[in-house]
Amino acid sequence: MSNEHTPLLSAGVCGLTPCPVVCGMGSEATPESGSGTQTPAEGPRKLNTFFGVMVPTILSMFSIVLFLRTGFVVGHAGLLQGLLMLLVAYTIVSLTILSICAISTNGAVQGGGAYFMISRSLGPEFGGSIGLMFFLAKVCACGVYVLGLVEAILDTFGVDPESSVSEGVRVLPQGYWYTVLYASVILQLCLLVCLVGAHIFSRTALFILVVVTISVLTIFISPLAVGHMDFVITHMGPGNQTHHYNVSYTGFSVSTLRKNLGPEYSMDYSTNTVMSFATVFAVMFTSCTGIMAGANMSGELRTPSVSIPKGTIIAVFYTFTVYALLFILVSSICDRGLLTQDYGFFQRISVWSPFVTIGVYCASLSAAMCSMIGASRILHALALDHLFGLPLAPAAIKSNSGNPWVAVLYTWGMVQCVVFAGQLNAIAGLVTVFYLLAYAAVDLACLALEWASAPNFRPTFQVFSWHTCLLGIVSCLVMMFVINPVYSSASIVLLLLLLLFLHYRVPTSSWGYISQALIFHQVRKYLLMLDVRKDHVKFWRPQVLLMVANPRSSCQLIHFVNQLKKGGLFVLGHVQLGDLDTLPSDPVQQQYNFWLTLVDKLGVKAFVDLTLSLSVRQGTQHLLRITGLGGMKPNTLVLGFYDNCTPEDYFLQDTEFCDSSVGTGSDGDYNFGVDLPSLQAHFAPVRHVESPRWLTPEEYVGIISDAIKMSKNVCLGRYFFQLEGEGRDSKVDGTDRTIDVWPLNLLQPGSRDCVDVCSLFLLQMACVLNMSSRWRHARMRIFLNVESDSSDQGWVVDEETFRELLRKLRIRASIKIVPWDAAVQHYGVRPGGQAGEEGSTTTPSQALSEEFLSAVNSLLMEHSSQAAVRFLYLPRPPAHSTRSQQYLAQLEALTHSLGPTLLIHGVTRVTCTEL
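Each chain has its residues counted from 1, running along the sequence as written. It should be noted that, the model being predicted, local features are given only for residues of pLDDT at least 70 and side-chain atom pairs only at 80 or more, the latter also being counted only at that level, while totals for whole chains, interfaces and linings use all residues. Based on all heavy atoms of the structure, the side-chain values leave hydrogens and waters out of the count.

Caption draft 1: Structural detail: the overall build of the chain. Helix and strand counts for the chain come out as 30 helices and 14 strands. For the chain, the residues scored as buried account for 54% of the 915 residues in total. Contacts are assigned to residue pairs that have any heavy atoms within 4.5 Å of one another. Once local pairs closer than 6 in sequence are excluded, the contacts in the chain between residues at least 24 apart make up 80%. Note that accessible areas follow from Shrake-Rupley with a 1.4 Å probe, and for residues the cover is restricted to the protein chains shown. Carbon and sulfur atoms make up 60% of the accessible area of the chain, which totals about 39,700 Å². For the purposes of this entry, the term helix denotes a DSSP run of H or I that reaches at least four residues, the term strand denotes a run of E that reaches at least two, and both are numbered from the N terminus. Accessibility here uses a 1.4 Å probe with only protein chains present; expressed as a share of the type maximum, an area under 20% marks a residue as buried, one over 50% as exposed, and anything in between as partly exposed.

Here it is as structure tokens:
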């Protein structure tokens, strides 16, 4: 075959580019559209584990908490609860890291980091909504770091609240609007760096880490060189009242350690609110929001499958150790007043305070810039994927050097809104909730991949299981609601709204959908549980195979059968004539996308099954035997009527198929290669009257006989092109519609059995239609034919019996008694015919007179001409093929000019009076 030598990883397949390009993917290489095409790489992957993962992760986790909130946590929560918070936070982080490592080592990971991994694992709906939540989390985190930096600056250069004049370096006025002003200036600096020299900043990461490490070392050394000190700390309280606090630095002291073991939650001087476990944990958790910094560098890592797990785990272990030692240190050397009343107390007790000051500035500024850069890259990736349409479209613009400057401006504007909060602690809870939700999403992605049991999910990192993923999700969600139930509920609602928006708006993509893998896994399991031996009549429902020659002329019948299935299986079947031995490849395989697109446009809930056969009859036999699985197999065959009517072209009537602007797909839409012109061209024009038929009368009747022999119910639909209000956008509910049911065999006047299997099946199908959305208010009428002039008055008893039957079956319908003496008198045998058995429910082997057929047709026209649809008894076809044309002629004469009519022959018990 021609495609046997196609490269395994060809461009555009599975969202991957050929290996040489993938290996050179830069950090900003993201899909240009939802179709999965990729931006070529601009440079080779250079970074190793240390520079690519460890350094950015450590710097992101050593943010403002390290220098400005360590004492806050220990002072309010105490050492024991502080260590408990640290352990809980790092447990959640560790569980999420296992999921990150698993996803990042499952194949090629391109630029875009966590957003790319989640979107390509879960599909565009989940990926886009979670990606936007990631963006919001990073925006809020950037605001936290900027406000933390302002706080550190004011601790050093802010005017003393008790002094009316500036002293020394304390020259900066303080207040809410001044804080916003200083934060805005710092944001301008970050914006300038991100627009002009983001790559220069990335090259200084190692230098910043060295500075921060030296600052931390000075903190650990200071208690050995600095002795006991007392301080007076002044704060402005509510109502401009000045509060003074006498606090002490004691140096190493067992007594100090003992006093700091338990919690003592009090008023926070920056927000004037009483702290609790949840609010303190929210502030402390902001130090754990940088675990994906290494994964976000996936496009520039030399060996991401090795570097991401190794570097992230080492960085997390290192930061955990530093934080735990700092908690123990500060609880041993400072009294609680100093810890709670001075965020920047490290500068007071340091052997040389400028070391700590420089460390605070470097850590805060680097974390802010990292967050701004990361957020802008996520926004740029969302814009490239066309998930949110026009509002984010400008964010896809980038400079000649590849810098997404418009996305940077978007991010700057969002962060500028965040800094109006004015205080770090005021928005710490929101940042924590956003990140916890994002971490829960990462765990969900890994859990879904694991539960789907997809053969291609083979991560090289094996230290995880579905238990760790599930535990990570639960712990994230629990902590979210512990921290702030309002923020948590609002963020989850926002996530769900985004998911619904993307589900209905986003074009189909080639990323793959985890939902499809999960559905396959569950459906297979439940199909095995659906045991056909346990079928019961009270749970019977139609499972329909509708044979379609050309959908151009069958769309109304397709819509009607979609209403008739009552939640059951609905399969569109089609037979392609041909012999596989004479063909180079199977022509049927290329047709599925066209038929599936047709199903999408019609808006019906149907499957498609196509086959190749030498004859339509043989192909229909194949489909009746093999369509479906287990208990989900067709029990009813529906065919269009075999007559000489000129077919109508539905494609020329429906705007869905006429408007060339609909369904053509814009740039970036992934439509499986089928647009509207292709769909129009694939299905041939409708048959003209002079055109040859695919089927002979003998073959058509043979299909009916085959289905009955295979214990399948048969329905023949005629004149359904006249049925209106069945389109996908129709609002018809059947208020002005009537369903007429003729349960007796009209071609066998001697039969008065209204409760045989076929008649009950006829009634059940009419009830099923009456229960559907577009027919629920339709009136149902049942017509009983009687010979009123007959000396035998048994029909009166039959009527009462039938009324009692309807009552037991809970069928709401009016019964109409129709005398048909005028028609029965023409019932007879034409010359050469043989009379059938009296009372037989099968078609007699006689040639019915034209007068009788015309009289029965006139009877139907008289009583059912205004009905929306009619259900008639379909007699069993003749045993000999020589009488096929005679059989069809009788059916045609019976239903001539009636309007939408369904002839039904049922062989399945579908109801009983014991239910």
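Caption draft 2: Structural context of a nonpolar patch on the surface. Residues enter patches when they are more than 30% accessible in relative terms and free of salt bridges; like-charged ones are connected within 9 Å and nonpolar ones (Val, Leu, Ile, Met, Phe, Trp, Tyr) within 5 Å. A pairing counts as a salt bridge when a side-chain nitrogen of Lys or Arg comes within 4 Å of a carboxyl oxygen of Asp or Glu. Taken together, the side chains of Phe-50, Phe-51, Leu-206, Val-210, Ile-214, Val-351, Trp-352 and Phe-355 make up a nonpolar region of the molecular surface, amounting to roughly 680 Å² of accessible area. At the level of secondary structure, the elements contributing two or more residues to the nonpolar patch comprise helix 2 (49–61) and helix 8 (205–225). Of the residues forming the nonpolar patch, the biggest block, three residues, is contributed by helix 8. Relative to the assigned elements, Ile-214 resides in helix 8.

Caption draft 3: Structural detail: the nonpolar core. Nine residue types can take part in a nonpolar core, namely buried Ala, Val, Leu, Ile, Met, Phe, Trp, Tyr and Cys, and a core is a set of them joined through side-chain atoms within 4.5 Å. Ranked by internal contacts, the top residues of the largest apolar core, which has 159 residues, are Leu-66, Phe-67, Val-212 and Ile-291. Considering every element that reaches this core, the biggest residue donor is helix 3 (residues 64–104), with 22 residues. Beyond its immediate chain neighbours, meaning those up to four positions away, Val-212 contacts Leu-59, Phe-62, Leu-66, Phe-67, Gly-359, Cys-362 and Ala-363.

Caption draft 4: Summary view of the environment of Pro-587. Relative to the assigned elements, Pro-587 resides in the loop between strand 6 (570–577) and helix 21 (592–602). Residue class for Pro-587 comes out partly exposed when judged on its relative accessible area of 27%. Here the alpha-carbon distance between Pro-587 and Leu-612, two residues 25 residues apart in the chain, equals 8.0 Å.

Caption draft 5: Quick look at the packing of aromatic side chains. The criterion for an aromatic pair is that two Phe, Tyr or Trp rings (for Trp, the six-membered ring) have centres within 6.5 Å, with stacked assigned to planes under 30 degrees apart, edge-to-face to planes over 60 apart and tilted to the rest. A complete count under the given rule lists 27 aromatic pairs for this structure. Centre to centre, the rings of Trp-177 and Phe-420 are 6.4 Å apart; their planes meet at 75°, and the pair counts as edge-to-face. One end of the pair, Trp-177, is in helix 6 (residues 176–196); the other, Phe-420, is in the loop between helix 15 (405–418) and helix 16 (424–452), and 243 residues separate them in sequence. On the accessibility criterion, Trp-177 (61% relative accessible area) is exposed. Taking the relative accessible area as the measure of exposure, Phe-420 reaches 38% and is therefore partly exposed. Site record: aromatic cluster; members linked through ring pairs are Phe-277, Phe-281, Phe-285, Tyr-435 and Tyr-439.

Caption draft 6: Local environment of the pattern of salt bridges. As enumerated under the stated definition, the model contains nine salt bridges in all. Notably, a salt bridge pairs Arg-552 with Asp-649, separated by 3.0 Å at the nearest N-O pair. In this pair, Arg-552 is assigned in the loop between strand 5 (544–547) and helix 20 (555–564) and Asp-649 in the loop between strand 8 (636–640) and helix 23 (655–658), connecting sequence segments 97 residues apart. The partner of Arg-718 in a salt bridge is Asp-643, with the nearest N and O atoms 3.0 Å apart. Remark: Asp-643 occurs in the loop between strand 8 and helix 23 and Arg-718 occurs in strand 9 (residues 713–718); sequence separation between them is 75 residues.

Caption draft 7: Representation of the sheet that holds strand 8 in the model. Being paired, for any two strands, means DSSP has found at least two bridges between them. With mixed pairing, the 10 strands of this open sheet are ordered in space as 7-6-5-8-9-14-13-10-11-12. Strands at the two margins of the open sheet, each flanked by one partner only, are strand 7 (607–613) and strand 12 (814–819). The mean inter-strand angle of the sheet, taken between neighbouring strand axes irrespective of direction, is 25°. Note: strand 10 (residues 738–742) against strand 13 (residues 869–873), four bridges, orientation parallel. Note that in strand 13 the partner of Val-741 across the bridge is Phe-871. Note on definitions: angles span 0 to 180 degrees between N-to-C directions of axes, and those axes are lines fitted to C-alpha atoms, for helices only across the stretch in contact. Along the sheet, helix 21 contacts strand 6 and strand 7; its crossing angle with strand 7, the most-contacted strand, is approximately 145°.

Caption draft 8: View of the packing of helix 5 (residues 124–157) against helix 16. Between helix 5 and helix 16, whose axes approach to 9 Å, the crossing angle comes to 150°. One finds that helix 5 runs roughly antiparallel with respect to helix 16. Crossing angle aside, the handedness with which helix 5 passes helix 16 is left-handed. A breakdown of the residues in the contact of helix 5 with helix 16 according to their chemical character gives 19 nonpolar, two polar and two charged. Just so you know how the angles are binned, under 35 degrees is roughly parallel, over 145 roughly antiparallel, 65 to 115 roughly perpendicular, and the rest oblique. Handedness of a helix crossing follows the sense of rotation of the near helix relative to the far helix, less than a right angle counterclockwise being left-handed and clockwise being right-handed. Put simply, Ala, Val, Leu, Ile, Met, Phe, Trp, Tyr, Cys and Pro go in the nonpolar bin, Asp, Glu, Lys and Arg in the charged bin, and everything else, Gly too, in the polar bin.

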